[in-house]
Amino acid sequence: MKSIIIAAGSGRRIPEFSKLIPKSLIKINKKSLLKRQIDLMNKFQISQIAIVKGFKSNKINFKKIKYFHNKNYRKNEQLDSLFSANDWFTDDLLVTFSDIIYEDSIIKKMIKCKNNFTIAIQKNWKKKYKKRFDHPVDQADKVFIKDDKIIDIGKKLPEEKTNGEFLGIFKINKKMCNVFINQYNMLKKSKKTDKLQVHDFFRYLIKKNINIKPTYVNGKYMEIDTYNDFKIAKEMFNEK
């Protein structure tokens, strides 16, 4: 199994850090978000790790890591960043966003899942938004799940019609890697992809009748998008 960590963004909403470093290098209790993810993947025997970098790319330098460069990171979003690493789509593949912090149990469950295409979902997700005063619920990657299948996903879904949140972690098998590449290339022929997020691509795939399965995870998890998020994560992961 391989992994890709998407870490090309500039972290515009957290200038307290992004003036100096990529958001993915923010440290929570002395360890950066990227280093935490790399260590967890190594712990679960994922040794082939790639990072897509862009903003302040010279700051991201870990040993034994494959790097892909999103040269257009100023103009495009998550989706094009992901496919900057399309040469890595040759095996079972775990993909994570770089601005998240999570417990071992979450990634362990994702790795063990045998589905062709699965995304990490938390059911009890709304409670953490009570403290996220500058990142409201309407910015969450909400999902609607029925009969153990992702029916819809996106920030614009009405809160009352959703039953989970996508956590920025997904896994596809080797066969699905080819589907991803082909569908992305088809999408690019019909519309511009520079402003699309990963969840937008998932919606496109759903419309193409591609089955996405939820993997329900529990445990501590936090996305760090603002300085307030950083403070919440620091308290949540206050390891001794």
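Up top is the structure these notes are about.
All values derive from a computational prediction rather than experimental measurement.

Student: Honestly, the overall build of the chain in this entry has me stumped. Any pointers?
Tutor: Looking only at helices and strands, one finds seven helices and 13 strands in the chain. In summary, the chain has a C-alpha radius of gyration of 17 Å against a globular reference of 18 Å for 240 residues, a match within 12%. Taking the principal axes of its C-alpha atoms as reference, the chain extends roughly 45 × 40 × 35 Å. Counting every position in the chain, which comprises 240 residues, the buried fraction comes to 55%. Sequence separation of at least 24 residues holds for 72% of the intrachain contacts in the chain that already meet a minimum separation of 6. Of the roughly 12,300 Å² of accessible surface on the chain, a fraction of 48% belongs to carbon and sulfur atoms. The average position of the 53 basic charges and that of the 26 acidic charges among the side chains of the chain differ by 4 Å.

Student: Just checking my understanding: could you explain the environment of Asp80 for this structure?
Tutor: Along the polypeptide, Asp80 turns up in helix H3 (residues 78-82). Separated by 118 residues in the primary sequence, Asp80 and Val198 have C-alpha atoms spaced 8.7 Å apart. Not counting the four nearest positions on each side in its chain, Asp80 is found in contact with Tyr184, Lys188, Thr193 and Asp194.

Student: It is not clear to me how the nonpolar core should be interpreted in this structure. Could you clarify?
Tutor: The nonpolar side chains of a soluble globular protein tend to be buried, and buried together. Counting 41 residues, the largest nonpolar core has Ile4, Phe117, Ile119, Phe166, Phe170, Phe180 and Phe202 as its most contacted members. Counting residues per element, this core draws most heavily on helix H6 (residues 198-207), which supplies six residues. Excluding anything up to four places from it in sequence, Ile4 contacts Ala50, Val52, Leu82, Ala85, Trp88, Phe89, Leu93, Leu94, Val95 and Thr96. Ile5, Ala7, Leu34 and Ile51 belong to the second-largest nonpolar core, a separate cluster that totals 27 residues.

Student: Can you walk me through the side chain of Arg132 in this structure?
Tutor: Note on placement: Arg132 falls in the loop between strand S8 (117-122) and strand S9 (142-145). Of note is the side chain of Arg132, whose polar atom sits 3.2 Å from the side chain of Glu223.

Student: I'm lost on the side chain of Ser3 in this one. Help?
Tutor: Of note, Ser3 is situated in strand S1 (residues 2-7). Residue contacts for Ser3: discarding those within four places in its chain leaves Met41, Ile46, Gln48, Ile49, Ala50, Trp88, Leu93 and Leu94.

Student: What is the right way to look at the packing of aromatic side chains in this model?
Tutor: On inspection of all chains with the given rule, the structure shows 21 aromatic pairs. When the centroid spacing of 6.3 Å and the interplanar angle of 70° are considered together, the rings of Phe55 and Tyr73 count as edge-to-face. Of this pair, Phe55 sits in the loop between strand S4 (48-53) and strand S5 (66-69) while Tyr73 is found in the loop between S5 and H3, placing the two residues 18 residues apart along the sequence. Taken individually, Phe55 and Tyr73 each receive the classification buried, so the pair is uniform in this respect.

Student: I keep staring at unusual backbone geometry and nothing clicks. Help me out?
Tutor: With glycine set apart, most residues show a phi of negative sign, and most peptide bonds adopt trans. Even without glycine at this site, Lys30 takes up a positive phi of about 80°. In this structure, Lys30 sits in the loop between strand S2 (27-28) and strand S3 (31-32). For Gln45, which is not a glycine, the phi torsion comes out positive at approximately 65°. Assignment of secondary structure puts Gln45 in the loop between helix H2 (33-43) and S4.

Student: Which parts of the structure should I look at to understand helix H5 (residues 174-190)?
Tutor: Spacing of three or four residues puts side chains on the same side of an α-helix, whose turn is 3.6 residues. Given a rise of 1.5 Å per residue, 17 residues ought to cover 24 Å, and the 25 Å separating the end C-alpha atoms of H5 matches this to within 8%. For H5, the complete set of buried residues consists of Met176, Cys177, Phe180, Gln183, Tyr184 and Leu187. Seen end-on, H5 carries its buried residues on one side only, within an arc spanning 135°. For H5, exposure combined with an orientation more than 90 degrees from the buried face picks out Lys174, Lys175 and Lys189. Looking at the buried positions of H5, the neighbouring elements they touch are H3, strand S6 (93-97), S8, strand S11 (164-172) and H6.

Student: Help me understand the state of the cysteines in this model?
Tutor: Simply put, disulfide is the name for a covalent bond between the sulfur atoms of two cysteines. According to the stated counting rule, one finds zero disulfides in the structure shown. Summary of cysteine pairing: Cys113 is not part of a disulfide, and the nearest cysteine sulfur, belonging to Cys177, is at 15 Å. Residue classification places Cys177 among the buried positions, given a relative accessible area of 0%.

Reading the values: the criteria
Residues numbered from 1 in each chain as written. Predicted model: local features only at pLDDT ≥ 70, side-chain atom pairs only at ≥ 80, totals over all residues. Heavy atoms only, no water. Helix = DSSP H or I, 4+ residues; strand = E, 2+ residues; numbered from the N terminus. Rg over C-alpha atoms; globule rule 2.2 N^0.38 Å. Buried < 20%, exposed > 50% of the residue type's maximum accessible area, 1.4 Å probe, protein only. Contact = heavy atoms within 4.5 Å. Areas by Shrake-Rupley, 256 points an atom, 1.4 Å probe, with all protein chains shown as cover. Lys, Arg positive; Asp, Glu negative; His and termini not counted. Charge placed at Lys NZ, Arg CZ, Asp CG, Glu CD. Core = buried A, V, L, I, M, F, W, Y, C linked by side-chain atoms within 4.5 Å. Polar contact = N/O pair within 3.5 Å; in protein donor to acceptor, adjacent residues only side chain to side chain. Phe/Tyr/Trp six-rings, centres within 6.5 Å; stacked < 30°, edge-to-face > 60°. Expected span 1.5 Å × (residues − 1). Arc of directions from axis to C-beta. Disulfide = S-S within 2.5 Å.

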